[in-house]
Amino acid sequence: MNKEVRIMNEKLQRSKVAKASLRMCTFWMLFFFLFTTIASAQKVEAVVDSTHIKIGEEIKLSIQVEADTSATVVFPEANNSFMPLELLEAYKTDTVKKNAKYSLIKKYGVTQFDSGTYFIPKQKILINNKPYFTDSIRVAVADVVVDTLKQKMFDIKKITAVEKASSTWWIYLLIVLGLLALFGAYFYFFVFQLKAKKKKKKKAEIPPYDRALLQLNELDKSKLLLNSEYKDYYSELTNIVRQYIEEEVRIDALESTTAELIRKIEAQKNAGYLDLKDDTIKNLKNVLQTADLVKFAKSKPDDNIIKADRNLVENIVVETKDAIPEISDEELRKDEEYKLKLIEEQRKKQRFRNTVIGVVAMIIAFGGLIGYATLEYVKENTYVGHSMSDLLEDEWVTSKYGTSDFTISTPKVLKRMTPLKVKDTIPLTSETEIYSYQSHLAPFSVDLEVTTFKQKPEITLDGIAEKMLKKLEADGAKKLIVKYDEYESSTGIKGLKMYGSGIFVDDLSPFSSTQDRAYEAYIFEEGRGVQVLIMMYTEYDEDGKKIVDRILSSIALIEKKNDR
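### Section: the sheet that holds strand β19 (residues 514–526)
Read across the sheet, 7 strands follow the order β14-β15-β16-β20-β19-β18-β17 without closing on themselves; strand pairing throughout is antiparallel. Since the sheet does not close on itself, it has two edges, and those belong to β14 (415–416) and β17 (478–488), each with one partner.

Written out as structure tokens, the structure reads:
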């Protein structure tokens, strides 16, 4: 009996030991799994070397990432990622290997040139295309200490109009255009013109008879007939015989019609100045009439007729040379004078053509300069505005608006629409300042309304949105689609977002035209004031959306020392 009890006790003891071992194994397996999970997790952390600096002093922002050696890590690079602070420099990434992981440290130098309290916004780091975010960091920027007891104080100076600085860009443009014009003139006159003149002069030195035969041979070698260009072929053929008759017989053949030329030749024959056969005159008339049919009636002669006309022209040239009586010295002198007169007329025509080309080129050049300068002036004075590419690519402006120092970055400085307050005016319970920018070249507008209260009343963001909606409708807005949502900026400023689309009246248009627009309105209630930011752009316009997102990422409210 005792033996059986002892055996049962031993079995029970073994069972307890086995269970304890099983629990211990389970514990270590869970511990190893948790340790592996924690070890494989990505770690992202951001720290600064100082949270209190003076104006313009550099803050070193360090972003540390622990990731696997095979992971792809992308750090922020854009300047607007750190707004309202300015990026001074992005340093090289330091890499330290820890076991099977990499510790990556990316440092940035940022600063601010206005005193106040700012937040370095959350930074997005991509690890294997998965976003991770750091915490936002609060930094304080202190004024430079000034001893006001030793420094004499002066009243604020009045606003003084300053003349716009003159630009000398047009001088360089004129120099470049002048050089291009000189090069073009040199290339035109000394390459094309001289080359053509030399070729023409060389041909002119050949006697008319020899030149006519040479031109006929060149016409035979051309591909006008192969390309079925009969009109051009007959034009060349008749010009050869007309030019020869004009130079040798000394009658106006190039500018005469067929009937006029035949009458002039017959008159020369009847006067005894040209001993030309009637058959030759008849053949010339037939060739010229065939050419007229080809050139003006678009007739297509047979190949046999074309070949016969070509041979007839050569025979006419030969027979005309034989029919011309010998020229006396006086006639030779008259012939030389006639040639000189023709050359002078050609020179006059050439000079007139070159003058016209020069005048037109000058008109185009100066017209382009004046048009460009006018457009830039109009754009700079916002009579027309700036294009979307200008708004996106040009340097943006960061400014403070209103007494509450509501700070945003915009493509252009917002123009103050409310008059400046005069010292002697009676103090009101609230002050409202309106700033605006609108462009016609780009369908985009920004309106900022900043209201500061002496004593803040009981108001809600929903109530402000309702009043703003009624004002839009009173200004002519129609078919408004309105949506509401809560909003928080990257710097932690919370507000109400009202957005949608509608038809709005263009106040700057002289014809009060209406335009379909998407709008986004943001209402903030910070400090003792209310800030309303309204932006409008063409619906589904990606560039407009980019500008809106960039403006929103720059919103900041600087805390003044006397408000702390």
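There is more to say, and it comes next.
### Let's talk about helix α7 (residues 303–323)
Between the first and last C-alpha of α7 there are 30 Å, a value that for 21 residues agrees with the 30 Å anticipated at 1.5 Å per step. For α7, the complete set of buried residues consists of Ile306, Asp309, Arg310, Val313, Ile316, Val317, Thr320 and Ala323. Burial along α7 is one-sided: seen end-on, the buried residues are contained in an arc of 155°. Among the exposed residues of α7, those pointing more than 90 degrees away from its buried face are Asp303, Asn304, Lys307 and Asp322. In the core, the buried residues of α7 are packed alongside α3 (208–221), α4 (230–248) and α6 (278–296).

### Digging into α4
With 19 residues, α4 ought to run about 27 Å at 1.5 Å a step, and its terminal C-alpha atoms sit 27 Å apart, in line with that. Trailing α4 by a residue or two, Arg250 shows a phi angle of about 60°, which is positive.

### A closer look at a nonpolar patch on the surface
Taken together, the side chains of Trp169, Trp170, Ile171, Tyr172, Leu174, Ile175, Val176, Leu177, Leu179, Leu180 and Leu182 present a nonpolar region at the surface, about 1100 Å² in accessible area. By secondary structure assignment, the location of Leu180 is in helix α2 (residues 169–204).

### Overview of the packing of α4 against α6
Between α4 and α6, the shortest axis-to-axis distance is 9 Å and the interhelical angle comes to 145°. At the point where α4 passes α6, the crossing takes the left-handed sense. Between α4, through Tyr230, Lys231, Tyr234, Ser235, Thr238, Val241, Arg242 and Ile245, and α6, the contact on the second element is made entirely by Leu284, Leu288, Thr290, Ala291, Val294 and Lys295.

### Details of empty space enclosed by the protein
According to the stated counting rule, one finds 2 cavities of 30 Å³ or more in the structure shown. Taken as a whole, the largest cavity holds about 40 Å³ of empty space. Together, Ile245, Val249, Ile265, Leu274, Leu276, Thr280, Leu284, Ile316 and Thr320 line the largest cavity. Class assignment for the residues of the lining of the largest cavity results in 7 nonpolar, 2 polar and no charged.

### Side note on unusual backbone geometry
For the bond running from Met83 to Pro84, omega is 15°, close enough to zero to count as cis. Among the secondary structure elements, Pro84 is positioned in the loop between β4 (73–74) and β5 (86–90). One non-glycine residue, Asn129, adopts positive backbone phi at about 65°. Its place among the elements puts Asn129 in the loop between β9 (124–127) and β10 (130–133). Positive phi, normally seen in glycine, also occurs at Lys298, with a value near 55°.

### Describing the sheet that holds β10
Taken together, 3 strands build an open sheet; the order of strands is β4-β9-β10 and the sheet is antiparallel. The sheet terminates laterally at β4 and β10, the two strands that pair on one side only. Strand direction decides the pairing type here: β4 and β9, joined by 2 bridges, are antiparallel. Looking across to β9, one finds that Val73 is bridged to Ile127.

### What about the environment of Leu88?
Positionally, Leu88 belongs in strand β5. Residue class for Leu88 comes out partly exposed when judged on its relative accessible area of 44%. In the structure, Leu88 is positioned 24 residues away from Gln112 in sequence and 9.8 Å away in space, judged by C-alpha atoms. Filtering out sequence-adjacent residues up to four positions away, Leu88 remains in contact with Glu58, Gly109, Val110 and Thr111.

### A look at the side chain of Thr111
Along the polypeptide, Thr111 turns up in strand β7 (residues 101–111). Using a relative accessible area of 0% as the deciding quantity, one classes Thr111 as buried. Looking at Thr111, its side chain comes within polar contact range of the main-chain oxygen of Gly56, at 3.3 Å. Of note is the side chain of Thr111, whose polar atom sits 2.7 Å from the backbone oxygen of Glu57. Setting aside its immediate chain neighbours within four residues, Thr111 contacts Ile53, Gly56, Glu57, Glu58, Leu85, Glu86 and Leu88.

### Here we look at the pattern of salt bridges
Counted by the stated rule, this structure contains 8 salt bridges. Salt bridges linked by common partners bring Asp220, Arg310 and Glu314 together as one network.

### So, the pairing of β19
In terms of strand pairing, strand β18 (residues 494–505) meets β19 through 11 bridges, oriented antiparallel. Bridge assignment links Ser501 to a residue of β19, and that residue is Ala518. Where β19 lies against strand β20 (residues 529–537), 9 bridges are found, and the strand directions are antiparallel. The residue of β20 that forms the bridge with Glu525 is Val530.

### Comments concerning the confidence of the model for the protein chain
Summarising the model, the protein chain shows a mean pLDDT of 76, and 74% of its residues fall at 70 or more. The low-confidence segment residues 31–41, where pLDDT is below 50, has 4 contacts with residues more than four positions distant or belonging to other chains. Confidence drops under pLDDT 50 across residues 378–384; counting only partners more than four residues distant or on other chains, this segment forms 14 contacts.

### A closer look at the nonpolar core
Ranked by size, the top nonpolar core spans 33 residues in total, and within it Tyr233, Tyr234, Leu237, Ile245, Leu261, Ile265 and Leu284 carry the most contacts. Once residues lying within four places of it in the same chain are set aside, the contact partners of Tyr233 are Leu219, Asp220, Leu224, Leu225, Ile306 and Arg310. If you look at the next biggest cluster of nonpolar residues, it comprises 26 residues, including Tyr437, Ala518, Val548 and Ile555.

About the cut-offs
Residues numbered from 1 in each chain as written. Predicted model: local features only at pLDDT ≥ 70, side-chain atom pairs only at ≥ 80, totals over all residues. Heavy atoms only, no water. Pairing = 2+ DSSP bridges. Helix = DSSP H or I, 4+ residues; strand = E, 2+ residues; numbered from the N terminus. Expected span 1.5 Å × (residues − 1). Buried < 20%, exposed > 50% of the residue type's maximum accessible area, 1.4 Å probe, protein only. Arc of directions from axis to C-beta. Contact = heavy atoms within 4.5 Å. Patch = residues over 30% accessible without salt bridge, like charges linked within 9 Å, V, L, I, M, F, W, Y side chains within 5 Å. Areas by Shrake-Rupley, 256 points an atom, 1.4 Å probe, with all protein chains shown as cover. Salt bridge = Lys/Arg side-chain N within 4 Å of Asp/Glu carboxyl O. Axes fitted to C-alpha atoms, helices over the stretch in contact; angles between N-to-C directions. Left-handed = near helix turned anticlockwise from the far one by under 90°. 1 Å grid on protein atoms, 1.4 Å probe; cavity = no way out; pocket = protein on both sides within 12 Å on 5 of 7 lines; lining within 4 Å. Points joined across faces, edges and corners; volume = space filled by probe spheres on them. Nonpolar A, V, L, I, M, F, W, Y, C, P; charged D, E, K, R; others polar. Polar contact = N/O pair within 3.5 Å; in protein donor to acceptor, adjacent residues only side chain to side chain. pLDDT = per-residue confidence, 0-100. Core = buried A, V, L, I, M, F, W, Y, C linked by side-chain atoms within 4.5 Å.

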